[in-house]
Amino acid sequence: MKPIATTRSATGVPTGRLAVWWLLASEVVIFGGLLGSYLMMRLGHPEWADAAMHTNTWIGATNTFVLLTSSFTAVLAHQAAEKGDGKKAAGLLVLTIGGALTFLAIKSFEWYTEISHGYTITANNFWSFYYTAAGLHALHVIAGAIIMGFVAWDAFRGRELQRVELIGIYWHFVDVVWIFLFPLLYIAK
Amino acid sequence: MSDTAVALQHDEHDAHAGHHGPQGILKYLWSTDHKVIAMQYLFTGMFMAVIGGFMAYVFRMQLAFPGISVPGFGQVSPGEYNALVTNHGTIMIFWVAMPVLVAAFGNYLIPLMIGADDMVFPRINRLSYQIFLLSALVLLGSLFVQGGGFGGAWTSYPPLSAVGAYNQTQLGSSLWLIAVALEFVAFLLGGINFITTLMNSRAPGMKAYDIPLVAWMIVIASILFMLSVGPLIAGAVMLLFDQTLGTGFYDPARGGDPILWQHLFWFFGHPEVYVVLLPAIGITIDIIATFARKKVFGYKMMLYTTVATGVLSFFVWAHHQFVAGIDPRMANVFTVTTLLISVPIAELLFVIIATLYGGSIRLTTPMLWALAFMAEFLIGGVTGIFLGASGADIYFHDTYFVLAHFHYTFFPIAIIGSFAAFTYWFPKMFGKMMDERLGKIHFWGTVIPFNFIFIPLFVLGMGGQHRRIYNYQHFPELASAEMYNLREIATYALLVMLTFQLVFFFNCIKSWMNGKAAGRNPWQSNTLEWTTESPPPHGNWPVDEMPNVYRGPYEYAHPDREEDYWPQNEPS
């Protein structure tokens, strides 16, 4: 039996959705702190532009496209879940996971190339920030893909359909973080 | 048996397990009941407090009697001394003040005070404690690894903390950092739970201004924690990479910036003061309203002031860095914001004093603790003015004046506030009254020696005694007989205070074994937790008797009523 507390909604907003928003609030300040530190230091070190020349903007752009597309399928999954079609929602979530895996595969290839050219995390502080920020983001992609697997499994069996929306909110956040990372690490030369 | 029947039986079994929880010892280790988790946090916090107190005893002995073989520890080496002071600070803030004030009382009180049967995420709540326990074990383990525990102060400034060759505790410093990071994760999970529970699971009829202030304060503290800790989590990852991978985020020789850590740390570190202060103030105001038999003077003012304090607390952090080479114009700005934040804090204290005015005061043990909180915290607040002004701070920085100042804030918060809450809610938690005479002996035996510890340290600090020095005999101007006298007074007072804690533990056990039965509402209080049995059963109230709320939490001495209290759940 679920606690009565979990069935109440004094604000009118479902508890799960509230919790996800608070989770994202805590994430915003984590990435905010990291990117704020990066920005402050980058402004004081114009020579980092030389290091930034070696990031591959085309790979970054491709990954941006992949991630945005996966957010689109997450929205479609939410729409299907709203209509109560768990099987369709699960299928669309699996597509989203596919997007996450593509993103990670491209990222691995990119990092492999960079590391083999000597641009490691200790090469200089630009590369330290590059790997730390993108790495923290990639961890969020991995975590999101794993949780999405569980949500898709439940949705396929018609259970906990509201979670499709929650994981979708999280996924958009992961997307938005990348939208900040891409110009800061790739476009700004 | 068909598949459906098996599934049905399985579901029934689940429902059964969910209702009664696991049995036996597992009931206490694997429970999702908010009260059990609160107890887990409480007892872990008390255990860590004993360790933190023991550390204080060892290094105070070394300071008063340098080179002595400390009974129960032995000779203190410089490295051990550094590890002891560092971990004393870390433990008392992250493993005592936070788990007891925020997690233990937050877990215990929030669902009971808002008339719910549990948190909205009971399993995340359990996970939060398990991560917290792991973090405590990692921290304690870090004291025994090769090289010893981390000794670079609880602020962990780089480059000392970042480079193993400087701090000579390569493994200890990384484990210390990992332990703190795990603790943050535990409190983020717990905090999200507190906030959403308060927002969504209130009893029917309970509006925002009907929530007891202590529940509000713990939730506002959780929000402050959540919004301030993020940059430090990012900073901690960077520090960990500096320590283990050899990056140079904080290494000036490689284009890094050690001051960046100070900004990230204090952007969290200063709001953290309010994260633990607010629950303590909430506890105080609840106890004072009950034992003054008076409505809180200015409930809404108190709430808005708290929010103002929280907002302001994000704009004062650089007052910790006046001597770190920040721009003097910047220092002026932070001086102004720091002096500004004393306005809402003073307002909170004035509201409490106004609540006392004209009340019919009952001087029970919890009331004594609550009053002592105000008196002692006031000294901490007033001495903070000296340190917030950048001119005075340049002289006082890193002296014992600073140390005495923040002990006059943190001791009332973490120790006096916790004792106030513990003695006030003990009857609810364990169903027995505590012994009042023993409680008062313990109270005076704690509060008087506390002042004898830290007033001498103010004097020593004004005399120029620098912090983080292992043996003052090497500094002729700090090794005079007068200064040693003051150091010895502080150490003897600490020994007296620690001895009196035995009275507390004795009182707990004695009262728990054969104290007087408490009944539901021994203090004639209004809030919802007093409307159920003591201790409350699993689910807090029978399902068909979940409370409804008809009024605010502080309706004492209402003129139209014969009784001088009016429980929140009583229909008019």
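Definitions and limits used
- Residues numbered from 1 in each chain as written.
- Chains lettered and ligands numbered in written order.
- Predicted model: local features only at pLDDT ≥ 70, side-chain atom pairs only at ≥ 80, totals over all residues.
- Helix = DSSP H or I, 4+ residues; strand = E, 2+ residues; numbered from the N terminus.
- Buried ≥ 20, exposed ≤ 12 C-beta atoms within 10 Å, placed from the backbone.
- Contact = placed C-beta atoms within 7 Å.
- Rg over C-alpha atoms; globule rule 2.2 N^0.38 Å.
- Axes fitted to C-alpha atoms, helices over the stretch in contact; angles between N-to-C directions.
- Parallel < 35°, antiparallel > 145°, perpendicular 65-115°, else oblique.
- Left-handed = near helix turned anticlockwise from the far one by under 90°.
- Nonpolar A, V, L, I, M, F, W, Y, C, P; charged D, E, K, R; others polar.
- Core = buried A, V, L, I, M, F, W, Y, C linked by C-beta atoms within 7 Å.
- Expected span 1.5 Å × (residues − 1).
- Bend = angle between axes of the 7 residues up to and from the residue.
- pLDDT = per-residue confidence, 0-100.

### Observations concerning the overall build of chain A
The helix and strand tally for chain A stands at six helices and zero strands. Scanning chain A from its N terminus toward the C terminus, one meets helices and strands in the order α-α-α-α-α-α. C-alpha extents for chain A along the principal axes are approximately 60 × 30 × 20 Å. Classification of the 189 residues of chain A by burial places 39% in the buried group. Pairs at least 24 residues apart make up 79% of the contacts formed inside chain A by residues separated by at least 6 positions.

### What about the overall build of chain B?
Per the secondary structure count, chain B includes 16 helices and zero strands. For chain B, the C-alpha radius of gyration of 24 Å lies close to 25 Å, the compact-globule estimate for 572 residues. Across its three principal axes, chain B shows a C-alpha extent of roughly 70 × 70 × 50 Å. The buried share of chain B, reckoned over its 572 residues, is 55%. When contacts within chain B are restricted to residue pairs at least 6 apart in sequence, those whose partners lie at least 24 apart make up 80%.

### Some details on the packing of helix α9 (residues 258–292) of chain B against helix α14 (residues 400–430) of chain B
Residues and elements named next belong to chain B. The interhelical angle for the contact between α9 and α14, taken along N-to-C directions, is 40°, at an axis separation of 9 Å. One element, α9, and the other, α14, form an angle in the oblique class. The handedness of the crossing between α9 and α14 is left-handed. Judged by residue contacts, Val 273, Val 276, Leu 277, Ala 280, Ile 283, Thr 284 and Ile 287 of α9 engage Thr 409, Ile 413, Ala 414, Gly 417, Ala 420, Ala 421 and Tyr 424 from α14. Grouping the amino acids of the contact of α9 with α14 by side-chain chemistry returns 11 nonpolar, three polar and no charged.

### Concerning the interface of chain A and chain B
Chain A puts 30 residues into the contact, and the matching count from chain B is 42 residues. Secondary-structure elements contributing two or more residues to the side of chain A that touches chain B are α1 (15–44) and α5 (125–156) of chain A. Tallying contributions element by element places α1 of chain A first for the side of chain A that touches chain B, with 14 residues. In terms of residue class, the side of chain A that touches chain B is built from 15 nonpolar, 14 polar and one charged.

### Here's the deal with the nonpolar core
Core analysis: the biggest nonpolar cluster contains 225 residues, and Ala 97 and Ala 215 of chain B have the highest contact counts within it. In this structure Ala 215 of chain B touches Leu 109, Ile 110, Met 113, Ile 114 and Leu 198 of chain B, once residues within four positions along its chain are discounted.

### Some remarks on helix α16 (residues 481–514) of chain B
Residues and elements named next belong to chain B. Taking 1.5 Å per residue, 34 residues should reach 50 Å; α16 reaches 50 Å between its end C-alpha atoms and fits that length. For α16, the complete set of buried residues consists of Leu 486, Arg 487, Ala 490, Thr 491, Ala 493, Leu 494, Met 497, Phe 504, Asn 507, Cys 508 and Ser 511. In this structure, the buried side of α16 is in contact with α3 (34–64) and α15 (436–462).

### Some words on unusual backbone geometry
Residue and element names in this part refer to chain B. For the peptide bond that leads from Pro 158 to Pro 159, omega is 5°, which places it in the cis range. Its place among the elements puts Pro 159 in the loop between α5 (122–142) and α6 (164–167). Looking along the chain, the bond that leaves Ser 534 and enters Pro 535 is cis, with omega of -10°. Relative to the helices and strands, Pro 535 is located in the segment after α16. Backbone geometry at Ala 153 places phi at a positive 75°, although glycine is not the residue there. Following the sequence through the fold, Ala 153 ends up in the loop between α5 and α6. The phi dihedral of Arg 293 is positive, around 50°, even though this residue is not glycine. Note that Arg 293 resides in the loop between α9 and α10 (299–312). A residue is classified by how many C-beta atoms lie within 10 Å of it, and Arg 293, with 15 of them, is partly exposed.

### Considering α14 of chain B
Residue and element names in this part refer to chain B. At Tyr 424, α14 shows its strongest bend, of approximately 45°, with the proline Pro 427 following within four residues. Across the 31 residues that make up α14, a large majority, 29, are buried. Immediately downstream of α14, the backbone of Gly 431 shows phi near 75°, a positive value.

### Notes on the environment of His 558 of chain B
All names here are of chain B. Mapped onto the fold, His 558 is located in the segment after α16. Accessibility expressed as a C-beta count within 10 Å gives 13 for His 558, which makes it partly exposed. As a C-alpha pair, His 558 and Ala 203 span 355 residues in sequence and 23 Å in three-dimensional space.

### Details of the environment of Met 226 of chain B
Mapped onto the elements of the fold, Met 226 of chain B is located in helix α8 (residues 213–244). Exposure remark for Met 226 of chain B: the 22 C-beta atoms within 10 Å place this residue in the buried category. Through-space distance from the C-alpha of Met 226 of chain B to that of Leu 348 of chain B is 23 Å; in sequence the pair is 122 residues apart. Excluding its chain neighbours within four sequence positions, the residues that come into contact with Met 226 of chain B are Ala 25 and Ser 26 of chain A together with Leu 188 and Gly 191 of chain B.

### Observations regarding the environment of Ser 390 of chain B
Residue and element names in this part refer to chain B. One can find Ser 390 in helix α13 (residues 390–396). Judged by local crowding, Ser 390 falls into the buried class, with 22 C-beta atoms found within 10 Å. Ser 390 sits 62 residues away from Pro 328 along the chain, and the two C-alpha atoms are 8.6 Å apart. Excluding residues within four positions of it along the chain, Ser 390 makes contact with Phe 322, Ala 331, Asn 332 and Thr 335.

### Here we look at the confidence of the model for chain B
On average, residues of chain B score 93 in pLDDT, and 96% of them reach the 70 mark or higher. Here the prediction assigns the complex a pTM of 0.94, and the interface score ipTM is 0.95.

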